[in-house]
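# Observations on chain architecture
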Amino acid sequence: MTAAHPATGALAVRVPDRRHYALLGSVGLAVLGLVIWQIAAGLVFVIPAPLATVRTLLANLMTGGYLVDAQVTFQNSLVAFLLGALIGGAAGLVLGLSRWARILFEPLLIALNGLPKIVLYPVLLPIFHLSGAKVVMGLLFALFPILINVAIGVRELPPVYRTLARSVNASRWQTLVHIILPAIRRPLLTGVRLSVSLAVVGVVLSEFFATRRGLGRVVLQAYSGGDYRNMMATILLLVSVSFVLSLLLWRLERRVR
Amino acid sequence: MTVGQREEADPVALPAGSTPGPPRRRRVWGDGRLSALATAVLLVALGGCWEIGSAAKLWSPEVLPAPSALLPALQALAGDPRFWADAGRTGGEVLGSIGFGGVAGLLVGVSFWKAPLVGRVFEPYLVSFYAVPLVLFYPVMIVLVGLGTPSVIILASVMAAIPMALNTWVGLAAVPPVYLRLARSISCTRWQQLFRVALPSAAPYVLAGLRLAVVYALIGCIAMEFTTAQAGLGYRIRYLYDSFETAPMYAYILVVLVVSIILTALLAVLERVVMAGRNRS
């Protein structure tokens, strides 16, 4: 797999070169996207131009009320992600290690993963109230990628790893920290990457529905008020935050081989 | 090695054929029966707790009605033309998105395989938009295309196309080169190389991609309807919530849950059948 580490000079030069092309291409693609956006804004008057959108976003970020909304959304997403990662990681570990847990719960978990979970929001609202329900919704969104990736990662560990752990008399905790976690770091990171973005999506979708504060509410209010510049600016903020986070985690994931 | 690649492209799907090979296959079937039984028992137990809790007034029926109270509501739905109109609209949207998204994803996956540099250029975007912040573009889509079926179908198709494209690409890249060399040596046309050799070899990945595409299309359509729409299952749930009609709302939620579970199960069965056919031959 690691063909990019040859001692021969020719390959070592060519491989990073092609990577640069890909990177350049990706950046070029982003620029192309901006140009198309600009042209579209010229053609369809309801779309604000990129520059105007960024200006609105900057102006928004100077106002206190908007900052409170942003803080509420990102804080809730963070809590949802952390809880989801903890619960999902623990459940995934159990599911990966125990054949009986798999037999009992796997079909239900796969079915739950395929559900449009947002329809459960009206059910969560009376139980967790307006402030807690969106965290729980974000948690539900964030839970499954970690759970499933950890479960698969643990299940497909080579049996010799566990034999080794037993032969050196490792305690359960030591086996977990020194053997299982390093061995499943890639699927774990994949799960983390998906969960981070999904936690944001879950919280924002809940805010579309009903909440007191948050960026999702700002988007929907701006939409119904016809304030498309504000709407675009907020969507831009949300999308770029989750895009950048996801991209960074993806690059980290590629480095960890 | 395929495991690592599969996770990369297919992070949310439990691959159905991850334990191939005849000796283990049989035991998996035994486990499958046990699993089905356990799931049925769990569901019945859950329903029982729900019914008992409602009967013991642990929560008010306005918040969570008992299952026995939902049965008449479900019966009422079956005779309600409005329900069928909603279901028809959502079904059409989901089918349309799966169709467009699936075909587009397959085409994109094949072209990325043919032109790897183009694939590398698009990869960061595909991978990052995988996790559906795309729903956030729905208000923009409404402004552009108008409130209605087309805006839902466009976004849901994109959501469905992404996992399909990534999985097809990874699956094709994992085709052993010797297959393609053989195909060339017996002078297959390019068309034959793709459809008779490469795609069948990549079938497990493509099918896993299709399963994700279906799930994403369904989730996307319902979530968008839930946000704003004039009809559809997602919209109706929200409407009934806003007008405090708890029992019909739960009936609708139940319908959505059951439909999505049936869809997932059907696709898992399809995947198993295809994998079993491959392992025999």
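Residues numbered from 1 in each chain as written. Chains lettered and ligands numbered in written order. Predicted model: local features only at pLDDT ≥ 70, side-chain atom pairs only at ≥ 80, totals over all residues. Heavy atoms only, no water.

## Details of the overall build of chain A
Looking only at helices and strands, chain A features 10 helices and 0 strands. When its helices and strands are written in sequence order, chain A yields α-α-α-α-α-α-α-α-α-α. Each principal axis of the C-alpha atoms in chain A carries an extent, and together these give about 70 × 60 × 30 Å. Residue burial in chain A is summarised as follows: out of 257 residues, 47% are buried. Pairs at least 24 residues apart make up 71% of the contacts formed inside chain A by residues separated by at least 6 positions. About 12,900 Å² of surface is accessible on chain A, with carbon and sulfur atoms providing 70% of the total. For chain A, the distance from the average position of its 23 positive side-chain charges to the average position of its 7 negative side-chain charges is 7 Å. (Helix = DSSP H or I, 4+ residues; strand = E, 2+ residues; numbered from the N terminus. Buried < 20%, exposed > 50% of the residue type's maximum accessible area, 1.4 Å probe, protein only. Contact = heavy atoms within 4.5 Å. Areas by Shrake-Rupley, 256 points an atom, 1.4 Å probe, with all protein chains shown as cover. Lys, Arg positive; Asp, Glu negative; His and termini not counted. Charge placed at Lys NZ, Arg CZ, Asp CG, Glu CD.)

## Side note on the confidence of the model for chain A
Scored by pLDDT, chain A has a mean of 83; 92% of the residues are at 70 or more. Across residues 1-14 of chain A, confidence stays below pLDDT 50; counting only partners more than four residues off in sequence or on other chains, it has 8 contacts. (pLDDT = per-residue confidence, 0-100.)

## Topic: the packing of aromatic side chains
Within this structure, the stated rule accounts for 7 aromatic pairs over all chains. Geometrically, the ring pair formed by Phe243(A) and Tyr125(B) is stacked, given 5.7 Å between the ring centres and 15° between the ring planes. Placement of Phe243(A) in helix H10 (residues 228-255) and of Tyr125(B) in helix H5 (residues 116-129) is noted, with the two residues assigned to different chains. Judged on exposure class, the residue Phe243(A) and its partner Tyr125(B) are both buried. When the centroid spacing of 5.5 Å and the interplanar angle of 70° are considered together, the rings of Phe83(B) and Tyr252(B) count as edge-to-face. Within this pair, whereas Phe83(B) is found in helix H4 (residues 81-114), its partner Tyr252(B) is found in helix H12 (residues 246-280), the two being separated by 169 residues in sequence. Side by side, Phe83(B) and Tyr252(B) carry an identical accessibility label, which is buried. Pairwise contacts between aromatic rings join Phe83(B), Trp84(B) and Tyr252(B) into one cluster. Between the NZ or CZ atom of Lys117(A) and the centre of the ring of Phe141(A), over which it lies, the distance is 5.7 Å. (Phe/Tyr/Trp six-rings, centres within 6.5 Å; stacked < 30°, edge-to-face > 60°. Lys NZ or Arg CZ within 6 Å of the ring centre and 35° of its normal.)

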